[in-house]
Structure formats: C-alpha cells, structure tokens
Amino acid sequence: MKKIYTIILSFFSLLVVSQNEQLAQNYFEKGEFDKAASLYEEMEKKQPNNFYFTQKLVACFQGLKQFDKAEKLLLSKKEANNQPIIFVELGYNAQLEKDQNKADLYYKKALDVVAKQPNYAYQIGQAYEQKSLLLQAYSTYEIAQKTNSSMNFDYQMALLQGQMGNLDVMVVKLLDYSYANINSTLSVQNQLVFFMQDDAENVFANSLKKELLLRTQKTQDIYWNQFLSWLYINLKEYNKAFIQEKSIYKRNPESFDDIIQLAQICVNEKETETAQAIFEFILQNTTDESTILNAQYFLLKNEIETAKPETYSVIQTKFETLLSQYGNSPYAIDLRILAAHFKAFYLNDFEKAKALLEATMEMPINIRQKAKVKMELADVFVFNEKFNQAIIYYAQIQNDLPNDEFSHEASMRMAKTSFFKKDFNWAKKQAGELKQASTQLIANDAVELFLLISDNSAEDSLQVALQDFSKADLLEYQNKPKDALEAFLQILEKHKGQSIEAGTLYKVGKNYEKLGNFAKAIGYYQNILDNHKDGIYIDEALFYSAEIYKTQLNDIEKAKNLYEKVVLEHPDSIYFTEARKQYRQLRGDKQQGI
C-alpha cells in the first residue's frame, strides 16, 4: 500500500512540475520575466541537475537586466559540475552586459575545452548556434575536426556558411557532404529548398544549378544528374528534368521508375506537352503491361481533348487495337472506361459504350474500380437522357463507398442529373448538402448550382429561364458545343437582364472556346467583368480570359494582369493555385509573395 501511495505521489508531483513549467513558459513568452523567474527558481531548486531550468532562469535574469544574478548562478553551477557549456552561457551573459572582452575570454575557454576534448564539440557548437553566435559555432566544429579527424561536422559547417551569407561556399560544402554521405541526400535537399523559398530573384537557385551542371560535366556519376533533375522539378522546369532522366536511363536502365514518376508529376501539374513526350519515351522503352497501359491512357486522353471530328476514326482504331491486345488485363480498366466515354460522347454510340462498361463490370475488379465503372455508366445514361437509370448507379456508388470522395462526386453528378431532369427543387436540395464538401471542386460546383437555381427561382416562379438553361446545359454536357451555343445565345435574347444572364454569358464564352472562336469568347467573358462584377462567375471570366491571352493570342502582358487579379482579388477561387503558378511563370521568377 505504501508503494502505491509513493507512486501516486510521484505522479502528481510530476504533473505539478509540468503545469508550472508550462505556466512559466507562458510568462516568459509574454515578457513577464519576474513571474517566470519565480517559477523557474522553484523548479531549479527541486531539480538542480536539470540544466534546462538553469538556462531558463538565467534567461529570465537577463530579460530583467540582472546580469550579476545570472553570472552568480552560472558560476555556482560551474563549481558544482564543471560543464564546459557553461563557458558559453557566461560569455553570452557578459556580451549582453556589453563586456565583450570578458565574453571573448569565456568563449576562448569553451574552444580550449574542445581542442582538448573534441567530444564536447556538438554540445558547445549547438549552444553557440542557439544564441546566433555563428563564428564561434563554426570555430568549434573546425577545431574539433582538426583535433579528431574521425569527427565530421561538414554538414553543420556548411549550413553555418549559408547563415553567414556565404551561399556559394555552402552549396559546394553541402554537395560534397551529400555525395560522401548518400543517405543524407534528402536532408541536404530539404535544407536547399529552405534557402530557395526566399530566393525571389533565383540567385541561389542559379548558383546551385551552375554547380550541379559543372559536376555532371566533370564526372559520369549519375548521382549528379539525379540531383540536377530534383532541382529542375523543384523549379518546375520539367522538360529539363526529363533531359536529365533520359541521360540517367541510358546509363542505368533500372532507373525507369523515376521517369514514370516524373510523367505523373507533369500530369498533376498540367504540363501536358512534357508529359506527352515522357509517355512516348516510356512506350519506346518498356514492355511492362501496366506501364504501357498507363502511358497509352494519358496519350489517348490528351489526344481526345484536342481532337477534331475528322480524326475520331483514327482514335477509335487506336482504342480497338489496344483493347484487342490488352482489353482483358486487370490494368486496362481505365482504358476501357475512356474508350466507352469516347464512344458515347464523341461517336454518339450509346449502345456500344454501355455494352463495354457492362462487360467491364463483370471483370474481377475491386470496389473502387467498380465505382469508377458505374460512374461512367451513369454518365453515359445521362448522355442518352435516361436520367432515372443514371441516378440508380450514382446512388449505388453512394451506398458502396459512403463518405468517400467517389460518393461526394456521385452526389454532385446526381444533383446535376436532377437539374437536367428539370427537378430543380431536388437538385437545389442536393447541391445545398454538398456546399461544404471536402473537395474544393465539388463544393464550388455545388455552390454554383445552388445559387443558379436559387437566384433564378426567386424572380421567376415558373422557372422558365432555368428550364431553358437546363436544356442548353444538357447539350453542352452531351459534347454538342454548336447546339449548346445556339441555345445559350437564345437565352441571352429571351431573358436579357435577368439573373440567368451572368451564367449564360459564361457558358457562351466556354462554348466559343470549344469551337475555337477565342476572340468572341473573350468578348463574353469581358461582358461578365464589366456588367456582373459581384456575380459568382467573375473569377472564371478572369482566369479563362488569361488562359486565352496566354495560349491563343500570345498577349503575355494581358494574361499576366488577369492572373494577378485572380490571385489578389479571389484567394478562395478554385483557380487561385493555377493562376498564381501562371502569374509567377509569366513574371519570370519563383517569388513566394503572390
């Protein structure tokens, strides 16, 4: 019983110490040094061998300008345990007291200890670093290495050079260190990224790039090509990273995974041209089935997005060839889904698309793959205006994967299907439930649909404008841009000045884009910017106008100004991240400000 009582008492004692320590730290951070000092003094007496409490109490005395008290405490600790780190504390206390000669004497004593006993170097060097005494820290590590050649402080010394502003020296030393200690490469790269974050003019990045290029030229070791590829990826210069990866692959064919990973990065970053070049290279150099199908999927998806009707037959032939060869592969699910989508939405062949998807459902696939197939099958039913069948499949996804991203996506598509059915109240209810969805894109689409229905139901109880919009929107969904454009233009004439106008202007602009009439698209986006400044389509109008000016009209200055407006005026927009990326590229730097 007595033992249990002792354990309980010890536990509560530790709890009290912990609470007091937190309270003392709070006082210290608020600059209430007298209150913090009284608590630390109590803790220091109870645990005299805990040097942390001694340091905190010394810091409190220094905050109160009571340097004599700090020195007296430190000297008493020096007599008690003779730790050389106390020389650093005494020197710093003297320096705060503006007695530099005295401070230098103590600092020299600390360095003398390291010269005799280099094992103290890390402890003393860290103490100097914590007090931003960089030269003293550097001397500590330097002396230790000279005294004991088996000790290595190259990493610490390199970072100190950087902190002292000698970035070129730091780069050389860090690269030397990483090459000699391959397992530390990631740590080195993390430090380099830290310096690149504040590199507004790319001075540091260019210095690092120059040094790495020199090393790739001096040696055939692929380590430097890998390092240079890493740098290019961080600088978002993916085409240059690909050049390095190809060079690596020629000398080490086992490094293929890095090329695949780079391709995926390019896809995620929407660097389509580079991704396409990488996937084409992959196809020329692999026999792995999953890799082949992944590459073919991207290439066909990219080709479809820019295809004209006259090339549809060529694309269909490619699908047929691939599916005849790989169609039953467990890695071909995405390719089969894409082929079905192409059949329905581009070739207008609902029955063949449906048959392909139903056959895919019979394959031995997991629940998430089945959800992807069901999603496409539902989309195909919407395309064919079989809305009830589509809703059944969307509902199945919700039941199979509750609270999953697939489920939220299915819910959003179900809401849109209800909109196409002209069941506006139900569509509004579903969209309202999705406004707080975890995925920003789904939440944005939900808010847009909810407001579209709400705004246009308030002033039009018969919802005539909404019915017209729903019909035109379905034509756009069915990939019929000419018919959709005509329907939206009729809405602008029929419902001029009504709430439906802003959304319709946006849709007209998008469909003119699809048809390649970029000048007209710009005009309709500009109408939104001029006449619907408070509407929900303003960020879309800015972003897509910028995209057209950049990629189609080659007016970089206008594009840059429009991207900047998205960044400065619409920080909550789903286009914010991409707009900031494009703005920085057009501005010619990697600045982190905006």
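Not measured: the values here are computed from a predicted model.

Of the regular secondary structure elements, the protein holds 32 helices and zero strands. The principal-axis extent of the C-alpha atoms belonging to the protein is close to 90 × 65 × 60 Å. Taken across its 594 residues, the protein has 47% of its residues classed as buried. A total accessible area of about 30800 Å² is found for the protein, and carbon and sulfur atoms account for 49% of it. Looking at the protein, you have 68 positive and 79 negative side-chain charges, and the mean spots of the two groups are 3 Å apart.

A separate point is the packing of helix H8 (residues 134-147) against helix H9 (residues 154-163). Close contact between H8 and H9 brings their axes to 10 Å; oriented N to C, the two are set at 155°. For the element pair H8 / H9, the angle class is roughly antiparallel. Once H8 is placed against H9, the crossing between them reads as left-handed. Facing Leu134, Ala137, Tyr138, Tyr141, Glu142 and Gln145 of H8, the residues of H9 in contact are Asp154, Gln156, Met157, Leu160, Gln161 and Gln163.

Before going further, it helps to spend a moment on the side chain of threonine 185. You can see threonine 185 is positioned in helix H11 (residues 185-197). For threonine 185, a relative accessible area of 13% corresponds to the buried category. At 2.8 Å, the side chain of threonine 185 and the side chain of tyrosine 223 are in polar contact.

Soluble globular proteins tend to bury their nonpolar side chains together. Membership of the largest hydrophobic core comes to 104 residues, with the highest contact counts inside it found for Phe319, Tyr394 and Phe419. Not counting residues up to four positions away in its chain, the partners in contact with tyrosine 394 are Met375, Ala378, Asp379, Val382, Ala410, Arg413, Met414, Thr417 and Tyr477.

It is worth spelling out unusual backbone geometry at this point. Backbone geometry at lysine 65 places phi at a positive 65°, although glycine is not the residue there. Relative to the helices and strands, lysine 65 resides in the loop between helix H3 (51-63) and helix H4 (67-81). In this structure, glutamate 385 is a non-glycine residue whose phi angle is positive, near 60°. Mapped onto the fold, glutamate 385 is located in the loop between helix H21 (367-383) and helix H22 (387-400). A relative accessible area of 46% means that glutamate 385 is categorised as partly exposed.

The next thing to look at is the pattern of salt bridges. Considering all chains together, one arrives at 29 salt bridges under this definition. Of the charged contacts, one joins glutamate 237 and lysine 240 as a salt bridge, the two residues approaching to 3.5 Å between their closest N and O atoms. A salt bridge links aspartate 473 to lysine 416; its shortest N-O distance comes to 3.1 Å. With aspartate 473 in helix H26 (residues 464-477) and lysine 416 in helix H23 (residues 405-420), the pair connects residues that are 57 residues apart, well separated along the chain. Exposure remark for aspartate 473: the relative accessible area of 3% places this residue in the buried category. Residues joined by salt bridges that share partners form a network here, namely Lys416, Asp473, Glu476, Lys507 and Lys514.

Glancing now at the packing of H3 against H4. Closest axis-to-axis distance for the H3/H4 pair is 7 Å, and the angle between their directions is 160°. By the criterion of interaxial angle, the relationship of H3 to H4 is roughly antiparallel. Between H3 and H4 lies a crossing whose hand is left-handed. Between H3 and H4, the residues in contact are Thr54, Leu57, Val58, Phe61 and Gln62 and Phe67, Lys69, Ala70, Leu73, Leu74 and Lys77, respectively. The residue inventory of the contact of H3 with H4, partitioned by class, reads seven nonpolar, two polar and two charged.

Bringing the environment of glutamine 130 into the picture now. Looking at the secondary structure, you find glutamine 130 in helix H7 (residues 121-130). Given the relative accessible area of 61%, glutamine 130 is considered exposed. On a C-alpha basis, the gap between glutamine 130 and histidine 495 in space is 69 Å, while along the polypeptide they are 365 residues apart.

With that settled, consider helix H32 (residues 576-587). Between the first and last C-alpha of H32 there are 16 Å, a value that for 12 residues agrees with the 16 Å anticipated at 1.5 Å per step. Every buried residue belonging to H32 is among Phe576, Glu578, Ala579, Lys581, Gln582, Tyr583 and Arg584, and all of these are buried. Check the buried side of H32 and you find it contacts helix H30 (538-551) and helix H31 (556-569). Looking one or two residues past H32, glycine 588 carries a phi angle of roughly 90°, positive in sign.

Moving on, we come to the side chain of glutamate 578. Along the polypeptide, glutamate 578 turns up in helix H32. It turns out glutamate 578 is buried and unbridged, and the closest side chain with the opposite charge, lysine 581, is 4.1 Å from it.

As enumerated under the stated definition, the model contains 39 aromatic pairs in all. Note on phenylalanine 469 and phenylalanine 488: the rings are 5.3 Å apart at their centroids and 65° apart in plane angle, and the pair reads as edge-to-face. Pair noted here: phenylalanine 469 is in helix H26 and phenylalanine 488 is in helix H27 (residues 481-494), with a separation of 19 residues, a long-range link. The exposure class of phenylalanine 488 is buried, given its relative accessible area of 0%.

With that settled, the discussion passes to the confidence of the model for the protein. Averaged over all residues, the pLDDT of the protein equals 91, while 95% of them reach at least 70. pLDDT under 50 marks residues 5-16. Its contacts with residues more than four places away, or in other chains, come to zero contacts.

To continue, consider the environment of phenylalanine 51. Along the chain, the position of phenylalanine 51 falls in helix H3. For phenylalanine 51 and glutamine 436, which are 385 residues apart along the polypeptide, the C-alpha to C-alpha distance reads 50 Å. Contacts of phenylalanine 51, omitting those with residues within four sequence positions, involve Ile85, Ile86 and Glu89.

Let us look at H26. For H26, which comprises 14 residues, the first-to-last C-alpha distance of 20 Å matches the rise-based estimate of 20 Å (1.5 Å per residue) to within 8%. Among the residues of H26, those classed as buried are Ala465, Leu466, Phe469, Ser470, Ala472, Asp473, Leu474, Leu475 and Glu476. The first or second residue beyond H26 is asparagine 479, which carries a positive phi of 60°.

Analysis parameters
Residues numbered from 1 in each chain as written. Predicted model: local features only at pLDDT ≥ 70, side-chain atom pairs only at ≥ 80, totals over all residues. Heavy atoms only, no water. Helix = DSSP H or I, 4+ residues; strand = E, 2+ residues; numbered from the N terminus. Buried < 20%, exposed > 50% of the residue type's maximum accessible area, 1.4 Å probe, protein only. Areas by Shrake-Rupley, 256 points an atom, 1.4 Å probe, with all protein chains shown as cover. Lys, Arg positive; Asp, Glu negative; His and termini not counted. Charge placed at Lys NZ, Arg CZ, Asp CG, Glu CD. Axes fitted to C-alpha atoms, helices over the stretch in contact; angles between N-to-C directions. Parallel < 35°, antiparallel > 145°, perpendicular 65-115°, else oblique. Left-handed = near helix turned anticlockwise from the far one by under 90°. Contact = heavy atoms within 4.5 Å. Polar contact = N/O pair within 3.5 Å; in protein donor to acceptor, adjacent residues only side chain to side chain. Core = buried A, V, L, I, M, F, W, Y, C linked by side-chain atoms within 4.5 Å. Salt bridge = Lys/Arg side-chain N within 4 Å of Asp/Glu carboxyl O. Nonpolar A, V, L, I, M, F, W, Y, C, P; charged D, E, K, R; others polar. Expected span 1.5 Å × (residues − 1). Phe/Tyr/Trp six-rings, centres within 6.5 Å; stacked < 30°, edge-to-face > 60°. pLDDT = per-residue confidence, 0-100.

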